[in-house]
Amino acid sequence: MLRAANGMEFDTNWLRKFPPDFRWGTATAAYQIEGAVNEDGRGRSIWDAFSHTPNKTWHGDTGDLACDHYHRYREDVDLMRQLGVGHYRFSVAWPRIYPTGGGTLNIDGVAFYDRLLDTLLAAGIRPVVTLYHWDLPQALEERGGWRNRDTVYYFRDYAGRMFEQFGDRIDTWITHNEPWCTAVLGHLLGQHAPGIQDPAQAGVVAHHLLLSHGLSVQAYRSQRAGGQIGITLNLSAVYPASDRPEDLAARDRMDTILNRSFLDPIFLGNYPSGLNEMLGSAGEAVRGDDMAQIGSPLDFLGVNYYTYQVVAHDADQTELAGVKDVTPRDEVTDMGWPVGPAGLTDVLRRIHDQYTRIPLMVTENGAAYPDQLVDDRVRDSARISYLKRHIGALGDALDSGVDLRGYYVWSLLDNFEWSFGYSKRFGLVYVDYDAGQRRLPKDSAWWYRDFIQAFRRAWT
Ligand code: FCB
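Residues numbered from 1 in each chain as written. Predicted model: local features only at pLDDT ≥ 70, side-chain atom pairs only at ≥ 80, totals over all residues. Heavy atoms only, no water.

Notes on the overall build of the protein
Here is step 1 of the chain: A count of helices and strands for the protein gives 16 helices and 15 strands.
Here is step 2 of the chain: The C-alpha atoms of the protein give a radius of gyration of 21 Å, which matches the 23 Å a tight globule of 460 residues would have.
Here is step 3 of the chain: Structurally, the protein occupies a C-alpha span of about 60 × 60 × 45 Å along its principal axes.
Here is step 4 of the chain: Residue burial in the protein is summarised as follows: out of 460 residues, 61% are buried.
Here is step 5 of the chain: A total of about 17,300 Å² of accessible surface is found on the protein, and carbon and sulfur atoms cover 48% of it.
Here is step 6 of the chain: The positive charge centre, built from 46 side chains, and the negative charge centre, built from 60, are 4 Å apart in the protein. (Helix = DSSP H or I, 4+ residues; strand = E, 2+ residues; numbered from the N terminus. Rg over C-alpha atoms; globule rule 2.2 N^0.38 Å. Buried < 20%, exposed > 50% of the residue type's maximum accessible area, 1.4 Å probe, protein only. Areas by Shrake-Rupley, 256 points an atom, 1.4 Å probe, with all protein chains shown as cover. Lys, Arg positive; Asp, Glu negative; His and termini not counted. Charge placed at Lys NZ, Arg CZ, Asp CG, Glu CD.)

Structure, rendered in C-alpha cells:
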C-alpha cells in the first residue's frame, strides 16, 4: 500500500492493472483557451461568429480572451510539469493555419504551435493533437460549411499539411472531436455554432464529417507517418427504465442516436437502420465508396465520457423520438449531468465486445462544479470524488480485458464552456478571470498529481 502526500491511499496491485506506459493526461481545445482571436493572422471561426451573435452564449461570453493561453502557454505547460502530467491533448485552430480554410499557409499561426510543441517536449510532456475541435473557418461556413462536400476536401488538405508540418513531434492524432456535437448541437438543435436547426442538414453534416475523417486517415497512411491516428466520439451509457418492450425500444432509439450513429459507420460500415427517420437523412450525401473511406482502419478510438441516461418510452416526446429521460438526479454536476461511473465501464466494454479490439483512450472525462476560491484555495472534493470513481471504472474495464491506453482529464484549466461561456468550471486549475487570469491549482490538481506519482511508484 502506498501513501501519497495528501494521505490518500492507492493500492499497488490495483494501480498495476494499468500498463506501465498508460497515459495520464489532461485535455483542452483551442477556442476554449487560446484567446488572441485577432492575432498573427488568425482568421475568424464559426465560434467567433456564433459567440458574437446576441443570446447564443451565457452573458454573451466569447472566446476573444478565454484563458489567454496563446500568450501564457509557457506557464500552462509548466503547471502540467508541476503536476507531473506527462500527456496533453490539445487542438489546433484551423483558422490559425488557414485563415480562410485553405490556400496559403499562415506561417505565424504555425509558429505558435511550433513554440507550444517545443515547450511541451522540453518539459517531457507528450502531445495528442485534435485537428478539429469545432472551430471551422468562417469563410468555409459562408460557402455552406459542413453541409457542403467541398469542406471535406479542405479538411483533408489541412490535415495532410499538419501531418507534414508537425509529424516529427506529434505521434498521436485525432481527426475530429465529437462529430455528434457538430451535427446535432450545431445543425439540429442550433445550440452550438453555426446555430442551424435543420434535421436533414444534420444528417448530411454527420456524413461529411465522417468522410473528412476517413479521407484524412487515408492521407495519413499515404504519408507513411510512423505514429497513430484515431477519432474521438462522445459516448453515453443508455439504460432502459424497465424491461417493458416499449422501454427497451426507447433505449434502442436513444442508443442509436447517441452512440450507434457514429460507431456503426466507422466500425461496421453502415449507418444504423432507423437513424434517418429519427434524425433526418444523410440521403444523397452518401456517394460511391464513401462508406469504405469512413471505415478506414484506425489505430485507436478516443472516448469522451461524462454521463449516462435512463430512458423510458413516452409517446408525447415527439421531438425526442418518443424517449423520456428518467435518469435519477440524486447526484448531478454543475452541468446538471447525472454522475454514473459504471456507465464508463459499460461504454468501454461495449466497444470492445461489439465493435473493435483496437486500443481505446478516454480522451475526456471530468466535471464542472461551482468552485469557490477561498483563502487562495479551491477545495473541490466533489471533483476529486468524481475523478476517483471514474478512474476506478477504468480499472473495472481493464479487468474485463478492454485494451485501454490512456485517460485525459477534461480539463487542465477552467475555460470557455461553449454556450455556457465562463459560467461552468471544468478545470483542475482554477482561472481567476477577474484577477489577470491568475492560475491556481485546485485540490483536485494536487490529488491528480499524487495519484500519478503513486502510479509511477507502483511500477518502479
Ligand atoms: C465535450 C467537449 C469539450 C468540453 C466538454 C465539457 O463535449 O469536447 O470541449 O466542452 O464537453
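Comments concerning the sheet that holds strand S10 (residues 308-313)
Here is step 1 of the chain: An order of S8-S10-S11 is seen for the three strands of this open sheet, with the pairing classed as mixed. If you trace the sheet from one side to the other, it starts and ends with strand S8 (237-240) and strand S11 (323-325), each paired once. Strand-to-strand twist of the sheet, defined as the mean angle between neighbouring strand axes without regard to direction, takes the value 40 degrees.
Here is step 2 of the chain: As paired elements, S8 and S10 share four bridges and run parallel to each other. What sits directly across from Pro240, in S10, is Val311.
Here is step 3 of the chain: Along the sheet, helix H11 (residues 245-268) makes contact with S8, S10 and S11, crossing S10 at roughly 135 degrees. (Pairing = 2+ DSSP bridges. Axes fitted to C-alpha atoms, helices over the stretch in contact; angles between N-to-C directions. Contact = heavy atoms within 4.5 Å.)

Some remarks on the pattern of salt bridges
Here is step 1 of the chain: Here the structure, examined in full by the defined rule, presents 35 salt bridges.
Here is step 2 of the chain: Among the salt bridges present, the one from Arg244 reaches Asp247, with a minimum N-O distance of 3.3 Å.
Here is step 3 of the chain: Of the residues examined, Arg244 reaches a relative accessible area of 43% and is grouped as partly exposed.
Here is step 4 of the chain: Judged by its relative accessible area of 3%, Asp247 is buried.
Here is step 5 of the chain: With a shortest N-O distance of 2.8 Å, Asp380 and Arg383 are connected by a salt bridge.
Here is step 6 of the chain: A residue is classified by how much of its surface remains accessible, and Asp380, at 3% relative accessible area, is buried.
Here is step 7 of the chain: Overlapping salt bridges, with partners in common, bring together Asp371, Asp380, Arg383, Asp414, Arg425 and Lys442 in one network. (Salt bridge = Lys/Arg side-chain N within 4 Å of Asp/Glu carboxyl O.)

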